Amino acid sequence: VQAQLNLGCMYSYGIDVTQSDSNAFKWFSKAAHQGLADAQFNIGVMYSNGEGVKKNDVKAVEWYRKAAIQGLAVAQYELAVMYFDGQGVAQDYSQALAWFNQAAKQDHVAAKALLGNMYVSGQGVTQDYSQAVEWYQQAANQGDAVAQNNLGYLYQIGQGVTQSHSDALKWY
């Protein structure tokens with residue numbers, strides 16, 4: 001199964017073979033149908049981007065979900081984004097929140113930053129600037145530039161934290 005995934009990667013990136021999205025899809029599919037989470041994720045990406053197959057957000061969600069259920073953080077994140085944006089599924093902020101949380105528990109930095117956004121905007125959660133600061137702080141400490149900027153802004157205006165221009169400047 002791992003060899004099938006590896007062949008898919010080789011075709012996807014053109015490593016020692018002629019690059020071919022259709023061949024990459026074929027090999028990823030073989031591994032994905034045998035339950036390999038990384039291959040399931042790759043199939044989701046290919047459906048999401050229309051690489052080697054016709055773009056199909058519904059199928060992308062299906063494959064992201066299979067990998068996400070197995071605990072693959074990047075798949076949990078992508079599934080959350082699909083729910084947040086309503087791509088391939090009905091928009092559902094509570095599902096987005098749940099999947100972002102699962103990815104964030106595994107230290108997925110972008111999931112942490114988007115959780116901060118959800119708490120600032122009150123999408124799927126009660127608006128809570130303190131929670132937003134907590135998520136932005138974690139993502140900012142991991143080098144996420146947007147989270148750093150957002151954290152700086154919250155320090156500048158004193159939302160969720162004590163107003164501090166020096167802390168704002170540190171994060172900007």
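Note: the structure precedes this text.
Residues numbered from 1 in each chain as written. Predicted model: local features only at pLDDT ≥ 70, side-chain atom pairs only at ≥ 80, totals over all residues. Heavy atoms only, no water.

## A closer look at the overall build of the chain
Then comes step 1: Helix and strand counts for the chain stand at 10 helices and zero strands.
Then comes step 2: In the chain, the succession of α and β elements from N to C terminus is α-α-α-α-α-α-α-α-α-α.
Then comes step 3: Its C-alpha atoms give the chain principal-axis dimensions of roughly 55 × 35 × 25 Å.
Then comes step 4: Counting across all 172 residues of the chain, residues that qualify as buried make up 41%.
Then comes step 5: Long-range contacts, defined here as pairs at least 24 residues apart, represent 36% of the contacts in the chain between residues at least 6 apart.
Then comes step 6: When the accessible area of the chain is evaluated, it comes to approximately 8,500 Å², of which 48% is carbon and sulfur surface. (Helix = DSSP H or I, 4+ residues; strand = E, 2+ residues; numbered from the N terminus. Buried < 20%, exposed > 50% of the residue type's maximum accessible area, 1.4 Å probe, protein only. Contact = heavy atoms within 4.5 Å. Areas by Shrake-Rupley, 256 points an atom, 1.4 Å probe, with all protein chains shown as cover.)

## Things to note about the packing of aromatic side chains
For any two aromatic rings, the description comes down to two numbers: the centre-to-centre distance and the angle of the planes.
Then comes step 1: Per the stated rule, a full pass over the model turns up four aromatic pairs.
Then comes step 2: Summarising the aromatic geometry, the rings of Phe25 and Tyr47 are spaced 5.4 Å apart at their centres and angled 85 degrees between planes, so their arrangement reads as edge-to-face. Taken together, the residues Phe25 in helix H2 (residues 21-32) and Tyr47 in helix H3 (residues 37-49) connect sequence positions 22 residues apart. Both residues of the pair, Phe25 and Tyr47, belong to the buried class.
Then comes step 3: On the numbers, 5.7 Å between centres and 35 degrees between planes, the contact of Phe41 with Tyr64 is tilted. In this pair, Phe41 sits in helix H3 while Tyr64 sits in helix H4 (residues 57-69), placing the two residues 23 residues apart along the sequence.
Then comes step 4: Classification of Phe41 by relative accessible area gives buried; the value is 13%. (Phe/Tyr/Trp six-rings, centres within 6.5 Å; stacked < 30°, edge-to-face > 60°.)

## A closer look at the pattern of salt bridges
As a working rule, side chains carrying opposite charge can pair if their charged atoms are close by.
Then comes step 1: Inspection of every chain in the model, using the stated rule, returns two salt bridges.
Then comes step 2: Of the charged contacts in the structure, one is a salt bridge between Lys55 and Asp57, with a shortest N-O distance of 3.2 Å.
Then comes step 3: Given a relative accessible area of 46%, Lys55 falls into the partly exposed group.
Then comes step 4: A salt bridge links Lys112 to Asp107; the nearest nitrogen and oxygen atoms lie 2.4 Å apart.
Then comes step 5: Asp107 sits in the partly exposed class, given a relative accessible area of 48%. (Salt bridge = Lys/Arg side-chain N within 4 Å of Asp/Glu carboxyl O.)

## Side note on the side chain of Lys112
Then comes step 1: Of note, Lys112 is situated in helix H7 (residues 109-121).
Then comes step 2: Judged by its relative accessible area of 3%, Lys112 is buried.
Then comes step 3: For Lys112, the residues in contact, after removing those within four places along its chain, are Ala104, Asp107, Trp135, Gln138, Ala139 and Gln142.

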